[in-house]
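# Tertiary structure, described
Here is what each chain is made of, one letter per residue.
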Amino acid sequence: MQTYHSLSELKQLNNDPALHREIYGFASFCIAEILEYGDEDDLADHELNIVILTKSDHDYLKALGQPEETATITLRIDNHQRTFHRCVYASEIVFWEDSI
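For the structure given in this document, a descriptive report is provided here. (Residues numbered from 1 in each chain as written. Predicted model: local features only at pLDDT ≥ 70, side-chain atom pairs only at ≥ 80, totals over all residues. Heavy atoms only, no water.)

### Describing the overall build of the protein
- Scanning the protein from N- to C-terminus turns up three helices and five strands.
- For the protein, the N- to C-terminal ordering of α and β elements is β-α-α-β-α-β-β-β.
- In summary, the protein has a C-alpha radius of gyration of 14 Å against a globular reference of 13 Å for 100 residues, a match within 12%.
- For the protein, the spread of C-alpha atoms along the principal axes amounts to about 45 × 30 × 20 Å.
- Partitioning the contacts of the protein with sequence separation of at least 6, the portion at a separation of at least 24 is 50%.
- Distance between charge centroids for the protein: 13 Å, based on 7 positive and 19 negative side chains. (Helix = DSSP H or I, 4+ residues; strand = E, 2+ residues; numbered from the N terminus. Rg over C-alpha atoms; globule rule 2.2 N^0.38 Å. Contact = heavy atoms within 4.5 Å. Lys, Arg positive; Asp, Glu negative; His and termini not counted. Charge placed at Lys NZ, Arg CZ, Asp CG, Glu CD.)

Shown next as C-alpha cells:
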C-alpha cells in the first residue's frame, strides 16, 4: 500500500504516467472543489489521503465499508488496456489496478 497526502508527493508516480494522470487529475479536482465552495483556510483543514492498494491490501478495502462514490477507468492505448478503480470514502480516496 502506498499513501500520499499532497499533490507534490504524487510526483513519485511519474514512472507510471497513466496512473499518475488519473490520481493527480482527481486530486486536483478535489482541491478545486474545496476552493470553489470554501477558501484556502478550508483547504488547510482537508488533508488529501490517497491510497494505492496492492494485491495484499484487499482486506483494507473491505474494512472501509461502503464508499461514497466509485468509478472504473479503462484506458486503451494502441493494443494495451489498463483498468483502474477508485473508491471515495470520507477519510480517503482509494485506487487500485484491475491486475491486482
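### Some remarks on the nonpolar core
- With 20 residues, the main nonpolar core has L10, L13, I23, I50 and I93 as its most contacted residues.
- At the level of elements, helix 1 (17-37), strand 2 (50-52), strand 3 (69-77), strand 4 (80-88) and strand 5 (93-97) are the ones that each hand at least two residues to this core.
- Considering each element in turn, this core owes the most residues, seven residues, to helix 1.
- With near-sequence residues (within four places) excluded, I50 lies in contact with Q2, T3, Y4, L10, I23, A27, I93 and F95.
- C87, Y89, V94 and W96 belong to the second-largest nonpolar core, a separate cluster that totals seven residues. (Core = buried A, V, L, I, M, F, W, Y, C linked by side-chain atoms within 4.5 Å. Buried < 20%, exposed > 50% of the residue type's maximum accessible area, 1.4 Å probe, protein only.)

### Some words on the environment of E92
- Residue placement: E92 occurs in the loop between strand 4 and strand 5.
- Sequence-wise, E92 and G38 are 54 residues apart; in three dimensions their C-alpha atoms are separated by 20 Å.
- Those residues within four positions of E92 in sequence are excluded, and the remaining contacts are N49, V51, Y60, L64 and C87.
- One polar contact links E92 to S91, side chain to side chain, over a distance of 2.9 Å. (Polar contact = N/O pair within 3.5 Å; in protein donor to acceptor, adjacent residues only side chain to side chain.)

### Digging into the layout of surface pockets
- Estimates place the volume of the largest pocket at around 350 Å³.
- Lining the largest pocket we find 17 residues, and of these C30, I34, Y89, A90 and I93 sit closest to its centre.
- Of all the elements, helix 1 adds the most residues to the lining of the largest pocket, at five residues.
- Classifying every residue of the lining of the largest pocket gives nine nonpolar, three polar and five charged. (1 Å grid on protein atoms, 1.4 Å probe; cavity = no way out; pocket = protein on both sides within 12 Å on 5 of 7 lines; lining within 4 Å. Points joined across faces, edges and corners; volume = space filled by probe spheres on them. Nonpolar A, V, L, I, M, F, W, Y, C, P; charged D, E, K, R; others polar.)

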